[in-house]
Amino acid sequence: SLSDTKCLKAKFILRAALIVCIPAVAVATIGEVIGLHSLSSIPNEPWPIASRHVRLAVTLLDIVVVAPFIETGLCFLPIILLRRFGFSRIWIAVISGAAWGAIHLSKGTLVQVASIWAFFCFTLMLQAFEVESRDRAWVRVSIVHGLANAFVLLFSIPLWL
């Protein structure tokens, strides 16, 4: 499903975002139930003195729009590098997912585990769609990334209030 380059764009984006976020929501739910609470607080940065609503709006903009485009673009670096060493598409996705999970370690265990799965999926999609165009692959997967983040945030917002 994540490599179906012939699927209608809107259908692909929605389906792929659900494939990415459903495991993340499951992990978050389990974590919240057992008391890890990694998703239950709004980050204090970038404006610690701003109101809770301003911080929430900035966080949403960052997590749904800005970060997905930057992170998805950076996903091409391990793809290009690992391809030179002869790694297969699956291994590139596995290594990329693990690396991005490690990068997200500072955000908490639940986010790290969800990031491993998400970036595994994003890397598979980028590799499938870059055959058509690297720019189009970047935009399409960035939209999937942002939508998946939005779904996870919609689930976790009640935990912030």
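Rules used in this analysis
Residues numbered from 1 in each chain as written. Predicted model: local features only at pLDDT ≥ 70, side-chain atom pairs only at ≥ 80, totals over all residues. Heavy atoms only, no water. pLDDT = per-residue confidence, 0-100. Helix = DSSP H or I, 4+ residues; strand = E, 2+ residues; numbered from the N terminus. Phe/Tyr/Trp six-rings, centres within 6.5 Å; stacked < 30°, edge-to-face > 60°. Axes fitted to C-alpha atoms, helices over the stretch in contact; angles between N-to-C directions. Parallel < 35°, antiparallel > 145°, perpendicular 65-115°, else oblique. Left-handed = near helix turned anticlockwise from the far one by under 90°. Contact = heavy atoms within 4.5 Å. Nonpolar A, V, L, I, M, F, W, Y, C, P; charged D, E, K, R; others polar.

Looking at the protein chain, pLDDT values average 84 and 81% of them are 70 or higher. When the elements of the protein chain are averaged for pLDDT, helix 1 (residues 9-34) gives the smallest value, 84, and helix 3 (residues 76-84) the largest, 96.

Attention now moves to the packing of aromatic side chains. In this structure the tally under the stated criterion is 5 aromatic pairs. Taking the centre distance of 5.6 Å and the plane angle of 85° together, the rings of F69 and W138 count as edge-to-face. A residue pair is termed long-range when its members are at least 10 positions apart, and F69 in helix 2 (residues 52-74) and W138 in helix 6 (residues 134-160) qualify at 69 residues. Ring-pair connections join several aromatic residues into one group, and the members of that group are W100, F119 and F122.

Moving on, we get to the packing of helix 3 against helix 4 (residues 89-103). Between helix 3 and helix 4, whose axes approach to 10 Å, the crossing angle comes to 135°. With respect to helix 4, the axis of helix 3 lies oblique. For the pair helix 3 and helix 4, the crossing hand works out as right-handed. Together, P78, I79, L82 and R83 of helix 3 and I92, I95 and S96 of helix 4 make up the contact between the two elements. The class makeup of the residues in the contact of helix 3 with helix 4 is 5 nonpolar, 1 polar and 1 charged.

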